Amino acid sequence: RLPDYVDMNNTEAYAERMAEIDGELKKAQEQANLFNSREALFGLPATDYGKVRRMADAFDPFCQFWKYANNWRSWQKEWKSEPFATLNAEEVEKDVGTAYKVMFKMGKAFNMRNMPACAANCETVRNEIEDF
């Protein structure tokens, strides 16, 4: 169950798993579109694959959170280990801003779904970003 993915010590593994699931959902959506186009060629009514879209929509906050949480941790290590003069300030600022916005948005989404542990993880990463 996706709401059980809450251990921040497993950020990298969770991000990898979310990317796998995301790829599988995208393939399912492509298949649904292909099937619908074939049904249209034969003059058949289109099958409703709305469930695939709804699953992708429900999955998106988890995917976005773990992707950006993992990116944030990787960026932080990179930025702290690289010589300061080699960093691209505009890129760092853009990445920090994007990560913060994603954490804020996903935190709201998790709160609306009554998933306090997931929302707390978003708050943790947002605090790390603010402290940076």
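Chains are numbered independently. Their residues run from 1 in the order of the written sequence. Since the coordinates come from a predicted model, pLDDT governs what is reported: local features require at least 70, and pairs of side-chain atoms require 80 or more to be given and counted, while whole-chain, interface and lining totals use all residues. Side-chain metrics rest on all non-hydrogen atoms present in the structure, leaving aside hydrogens and water.

All right, on to the overall build of the protein then. A count of helical and extended segments in the protein gives 4 helices and 0 strands. Scanning the protein from its N terminus toward the C terminus, one meets helices and strands in the order α-α-α-α. We compute the radius of gyration from the C-alpha atoms alone; for a globule the expected value is 2.2 Å times N to the 0.38, where N is the number of residues. Compactness check: the protein gives a C-alpha radius of gyration of 19 Å against a globular reference of 14 Å for 132 residues, more than 25% above the reference. Each residue is assigned to one of three classes by its accessible area relative to the maximum for its type, calculated with a 1.4 Å probe on protein chains only: buried under 20%, partly exposed between the two thresholds, exposed over 50%. Across the 132 residues that make up the protein, the buried fraction comes to 33%. Using the Shrake-Rupley algorithm and a 1.4 Å probe, accessible areas are obtained, with residue cover drawn only from the displayed protein chains. With an accessible surface of roughly 8800 Å², the protein has 53% of that area assigned to carbon and sulfur atoms. The centroid of the 18 positive side-chain charges in the protein is displaced by 6 Å from the centroid of its 22 negative side-chain charges. Numbering goes from the N terminus for both helices and strands, where a helix is a DSSP run of H or I of at least four residues and a strand is a run of E of at least two. Only four residue types enter the charge count, namely Lys and Arg as positive and Asp and Glu as negative; His and the chain termini do not. For charged residues, the charge sits on one atom: NZ in Lys, CZ in Arg, CG in Asp, CD in Glu.

The phi torsion at Asn114 lies on the positive side, around 60 degrees, for a residue other than glycine. Residue position: Asn114 is located in the loop between α3 (89–112) and α4 (116–131).

What counts as a disulfide here is a pair of cysteine sulfur atoms lying within 2.5 Å. With the rule as written, the count across this model stands at 0 disulfides. Free of any disulfide, Cys63 has its nearest neighbouring cysteine sulfur in Cys122, separated by 13 Å. Cys118 takes part in no disulfide bond, and the closest cysteine sulfur, belonging to Cys122, lies 7.5 Å away. Overall, the relative accessible area of 4% leaves Cys118 in the buried class.

Given the number of residues in a helix, its expected span is that number minus one, multiplied by 1.5 Å. With 24 residues, α3 extends 35 Å from end C-alpha to end C-alpha; this agrees with the ideal 34 Å at 1.5 Å per step. Of the positions making up α3, those classed as buried are Val92, Asp95, Val96, Ala99, Val102, Met103, Met106, Gly107, Ala109 and Phe110. In the core, the buried residues of α3 are packed alongside α2 (50–81) and α4. Between the side-chain oxygen at the start of α3 and the backbone nitrogen of Glu90 there is a gap of 3.1 Å, and the oxygen is on Asn88. Where α3 ends, the next residue or the one after it, Asn114, has phi of about 60 degrees, a positive value. Whether two residues are in contact is decided by their heavy atoms: any pair within 4.5 Å suffices. In protein, a polar contact requires one atom able to donate a hydrogen and another able to accept it; more generally it is a pair of N or O atoms within 3.5 Å, and residues adjacent in sequence count only if both atoms are side-chain atoms.

Bringing the nonpolar core into the picture now. In plain words, nonpolar cores are sets of buried Ala, Val, Leu, Ile, Met, Phe, Trp, Tyr and Cys residues tied together by side-chain atoms within 4.5 Å. Ranked by size, the top nonpolar core spans 30 residues in total, and within it Phe65, Trp66, Met103, Phe110 and Val125 carry the most contacts. Listing elements by their share of this core, those giving two or more residues are α1 (11–41), α2, α3 and α4. Here this core gets 11 residues from one element, more than from any other, and that element is α2. Other than its neighbours up to four places away in sequence, Trp66 contacts Tyr5, Val6, Asp7, Met8, Thr11, Tyr14, Ala15, Met18 and Asn121.

Pairing of aromatic rings covers Phe, Tyr and the six-membered ring of Trp, with a centre-to-centre limit of 6.5 Å; geometry is then stacked below 30 degrees between planes, edge-to-face above 60, and tilted otherwise. By the definition in use, this model includes 10 aromatic pairs. Through a chain of ring-to-ring contacts, three or more aromatic side chains come together here, namely Tyr5, Tyr14, Phe62, Phe65, Trp66 and Phe110.

Relative to the helices and strands, Asn121 resides in helix α4. Note on Asn121: relative accessible area 9%, which makes it buried. Those residues within four positions of Asn121 in sequence are excluded, and the remaining contacts are Val6, Met8, Phe65 and Trp66.

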